[in-house]
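Coordinate analysis (summary)
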Amino acid sequence: MLPLFPDIKPYKVHELAVQEPHRLYVEESGNPDGIPVLFVHGGPGIGADPKSRCYFDPEHYRIIVFDQRGAGRSTPHACLEHNHTGALMSDMEQIREELGVSQWMLFGGSWGSTLSLAYAQTYPEHVLGLVLRGIFLCRQRDLNWFYRDGASRVFPDYWQEFVDGAPDCADGDYIGAYYRALTDDNELARMAAAKSWSAWEAQCATLRPHPEVLEHMTEAHTALSLARIESHFFVNSGFLEGDQLLHNAGRLDGIPGIIVHGRYDMICPLDNALALHEAWPDSDLHIVRDAGHAASEPGIVDALVHATDEMAKRLRS
């Protein structure tokens, strides 16, 4: 199996002012003359990390990583004001223009696949190709699977902990209940809800138990932005219209794509990837037989590194 590429340091870091009050962390690494690729992190709200640079051969790619509004090193932390899908796409366009990129490849997993698809369908002329992992179409059925009935039957013990962490939820709307707690004035209530929300996601993310994933996602700084921003987006259906990403798949015509999805993904079930692949003839689908959702699982890492190598060959030719 292919591992990640070795850790590298950014050669340039930017602080980009976008719509007030937001300022984005943006970095560049790899080959300044290489194929521009934008790493689009998941969540929304989890932020990027040093491993985000390591899915790409630094000799072939100009690797651009950014933290979306309110996430990671962007400020203000966990801010919900002016934070929605349209704004994030506008930020991506501003980054592209500020860095002098005419066209780039997008690499996104989970929510990062959602945002990458929405961007590519809005600005197809700026997209060279897509490498997407753990497809999340953000349909109501997908939200219901993870936050109402579906994953709860696979992980009933973890689900009970999640239910116990939701105050004042009498109607089964756990997204709404957590959103109210996460926007409450009580700081202790916000933090408790953030850790409970993030622990549910972390415990379902991998095929085998992965303590490092749980530790990272429930760390206070990460948990707060992840839970607040996710619940904010999900009570608003991701700021997308119904089956928008499938309905607009025709706008991806001519854009090559590689889809990587774990067969045992319990956060974003495989039917997301199958539906997208069927609607997007220019895509290749790779189902990883011994993996769940997380990008850190060995089978997913192997498939993603193969995908970025393959896409580099296609784009160079």
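Before going into details, it helps to say that this report is about the structure given with it.

Thresholds, definitions, all that
Residues numbered from 1 in each chain as written. Predicted model: local features only at pLDDT ≥ 70, side-chain atom pairs only at ≥ 80, totals over all residues. Heavy atoms only, no water. Phe/Tyr/Trp six-rings, centres within 6.5 Å; stacked < 30°, edge-to-face > 60°. Helix = DSSP H or I, 4+ residues; strand = E, 2+ residues; numbered from the N terminus. Buried < 20%, exposed > 50% of the residue type's maximum accessible area, 1.4 Å probe, protein only. Salt bridge = Lys/Arg side-chain N within 4 Å of Asp/Glu carboxyl O.

**Notes on the packing of aromatic side chains**
Taken as a whole and assessed by the stated rule, the structure comprises 23 aromatic pairs. Look at tyrosine 147 and phenylalanine 162: their rings are 6.1 Å apart centre to centre, the planes differ by 45°, and that puts the pair in the tilted class. Residue tyrosine 147 is found in helix H3 (residues 140-147), and its partner phenylalanine 162 is found in helix H5 (residues 156-164); the two are separated by 15 residues along the sequence. Here the two residues tyrosine 147 and phenylalanine 162 agree in accessibility, since each one is buried. Ring centres of phenylalanine 233 and phenylalanine 239 lie 5.2 Å apart, and the angle between their planes is 85°; on these two criteria the pair is classed as edge-to-face. With a relative accessible area of 0%, phenylalanine 233 lands in the buried category. In textbook terms, an aromatic cluster arises when at least three aromatic residues are bridged by ring pairs, as seen for Phe136, Phe146, Tyr147, Trp159, Phe162, Tyr174, Tyr178, Trp197, Trp200 and Phe234.

**Considerations on the pattern of salt bridges**
Side chains that differ in charge, positive against negative, can pair when their charged atoms come close. A full pass over the atoms with the stated rule returns 15 salt bridges. Across the salt bridge formed by lysine 51 and aspartate 7, the nearest N and O atoms sit 3.4 Å from each other. With lysine 51 in the loop between strand S3 (35-40) and strand S4 (61-66) and aspartate 7 in the segment before strand S1 (12-17), the pair connects residues that are 44 residues apart, well separated along the chain. With a relative accessible area of 54%, aspartate 7 lands in the exposed category. A salt bridge links aspartate 149 to arginine 153; the shortest N-O distance between them is 3.2 Å. Arginine 153 sits in the exposed class, given a relative accessible area of 60%. Taken together, the salt bridges that share partners define one network made up of Glu27, Arg53, Asp67 and Arg73.

**Quick notes on unusual backbone geometry**
In this structure, proline 21 follows glutamate 20 across a cis peptide bond, with omega equal to 5°. Along the chain, proline 21 turns up in the loop between S1 and strand S2 (23-30). At the junction of threonine 75 and proline 76, the peptide bond is cis and its omega measures out at -5° in the coordinates. Looking at the element boundaries, proline 76 is found in the loop between S4 and helix H1 (85-98). Positive phi, normally seen in glycine, also occurs at histidine 82, with a value near 50°. Along the chain, histidine 82 falls in the loop between S4 and H1. Owing to a relative accessible area of 34%, histidine 82 belongs among the partly exposed residues under this scheme.

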